[in-house]
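Here is what each chain is made of, one letter per residue.
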Amino acid sequence: LGMSKGKFYMEQKMVSGERFAGVTDQYDNLQNNQTYAGSTALSIGYYENGNKYNSDSGSSYGNSYTTGDIIGTAIDVDNGKLYFSKNGTWQNSGVPTSGSTGTGAITLPTSSNSTNVWFFVPSINNGIIQVNYGNGYFGTTAVSSAGTNASGIGIFEYDVPTGFTALSTKGLNL
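This one's a predicted model, so the numbers in the text were calculated from it and none came from an experiment.

Caption draft 1: Looking closely at the pattern of salt bridges. Here the structure, examined in full by the defined rule, presents two salt bridges. Among the ionic pairs, Asp-76 bridges to Lys-7, the shortest N-O distance being 4.0 Å. You can see Asp-76 sitting in strand β5 (residues 70-76) and its partner Lys-7 sitting in strand β1 (residues 7-25), a full 69 residues away along the chain. Close ionic contact of Asp-69 with Lys-86 constitutes a salt bridge, the shortest N to O distance being 4.0 Å. You can see Asp-69 sitting in the loop between β4 (57-60) and β5 and its partner Lys-86 sitting in strand β6 (residues 81-86), a full 17 residues away along the chain. You can call Asp-69 buried: its relative accessible area is 11%.

Caption draft 2: Region of the structure containing the pairing of β4. In the sheet, strand β3 (residues 51-54) pairs with β4 via four bridges, with the strands oriented antiparallel. Counterpart to Lys-52 in the pairing with β4 is Ser-59. Between β3 and β4, which pair antiparallel one after the other, the connecting turn spans two residues, and Ser-55 there sits at a positive phi close to 55 degrees.

Caption draft 3: Examining the nonpolar core more closely. Ranked by internal contacts, the top residues of the largest apolar core, which has 24 residues, are Met-3, Val-23, Ile-75, Leu-82, Phe-84 and Phe-120. Elements with a minimum of two residues in this core: β1, β2 (43-47), β5, β6 and β9 (118-120). The leading source of residues in this core is β1, at six residues. Those residues within four positions of Phe-84 in sequence are excluded, and the remaining contacts are Ala-21, Gly-22, Ile-44, Tyr-46, Tyr-61, Ile-71, Gly-72, Thr-73, Thr-89, Trp-90, Gln-91 and Ile-106.

Caption draft 4: Here's a closer look at the environment of Gly-127. Note on placement: Gly-127 falls in strand β10 (residues 123-132). On the basis of relative accessible area, Gly-127 is assigned to the buried category, the value being 11%. Separated by 20 residues in the primary sequence, Gly-127 and Gly-147 have C-alpha atoms spaced 27 Å apart. Excluding anything up to four places from it in sequence, Gly-127 contacts Ser-16, Gly-17 and Glu-18.

Caption draft 5: The pairing of β5, seen in detail. Here β5 lies mainly inside the structure; seven of its seven residues are buried. The side-chain alternation of β5 yields two buried faces, one formed by Ile-70, Gly-72, Ala-74 and Asp-76 and the other by Ile-71, Thr-73 and Ile-75. Pairing geometry for β1 and β5, over seven bridges, is antiparallel. Bridge pairing links Gln-12 to Ile-71 in β5. Here β5 pairs with β6 via six bridges, running antiparallel. Note that in β6 the partner of Thr-73 across the bridge is Phe-84.

Caption draft 6: Broad picture of the packing of aromatic side chains. Scanning the entire structure with this criterion turns up eight aromatic pairs. One aromatic cluster is present, built from ring pairs that chain together Tyr-46, Tyr-61, Tyr-65 and Phe-84.

Caption draft 7: Inspection of the confidence of the model for the protein at higher detail. Of the residues in the protein, 90% have a pLDDT of 70 or more, and the chain-wide mean is 86. Within the protein, strand β7 (residues 89-90) carries the highest mean pLDDT (97), whereas helix α1 (residues 26-31) carries the lowest (60).

Caption draft 8: Quick look at unusual backbone geometry. Although it is not a glycine, Ser-55 sits at a positive phi angle of roughly 55 degrees. Secondary-structure assignment places Ser-55 in the loop between β3 and β4.

Cut-off values and rules
Residues numbered from 1 in each chain as written. Predicted model: local features only at pLDDT ≥ 70, side-chain atom pairs only at ≥ 80, totals over all residues. Heavy atoms only, no water. Salt bridge = Lys/Arg side-chain N within 4 Å of Asp/Glu carboxyl O. Helix = DSSP H or I, 4+ residues; strand = E, 2+ residues; numbered from the N terminus. Buried < 20%, exposed > 50% of the residue type's maximum accessible area, 1.4 Å probe, protein only. Pairing = 2+ DSSP bridges. Core = buried A, V, L, I, M, F, W, Y, C linked by side-chain atoms within 4.5 Å. Contact = heavy atoms within 4.5 Å. Phe/Tyr/Trp six-rings, centres within 6.5 Å; stacked < 30°, edge-to-face > 60°. pLDDT = per-residue confidence, 0-100.

Structure (structure tokens):
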């Protein structure tokens, strides 16, 4: 499912190999044969080494992560902001509820080619991740402690920021 407006959240559990979390614009993904989040101008990736990547250029962002860690991704399409958490702690002092001020946010890239339809793109390189879009499971294992979720849509390991919801048909219609 793609997002052109709204605020959405998802989690991915790192299992093995090289893994990264991110988002991509629909145009970029379809036209530029994107191979991983952060490899192109209209995509952003948060990597195991703690760096964020865009157009294959990396810079310091947050803590590194490894096997067993859960990376949360919150995208605020309305304000053009993106946030990542590691095990429930927002990286870069991020505050997803800060709205247009975007405290600690990564600004979503734009261009004349952008469709402004964004997709979550969990990525691996010879690795395994388990994604929870709100069904309450990582693979076949239920989340161990369901966080709070003000929208009431979806079950996640960690608290969903107020105003954000699961990426689902029900969540898209809020």
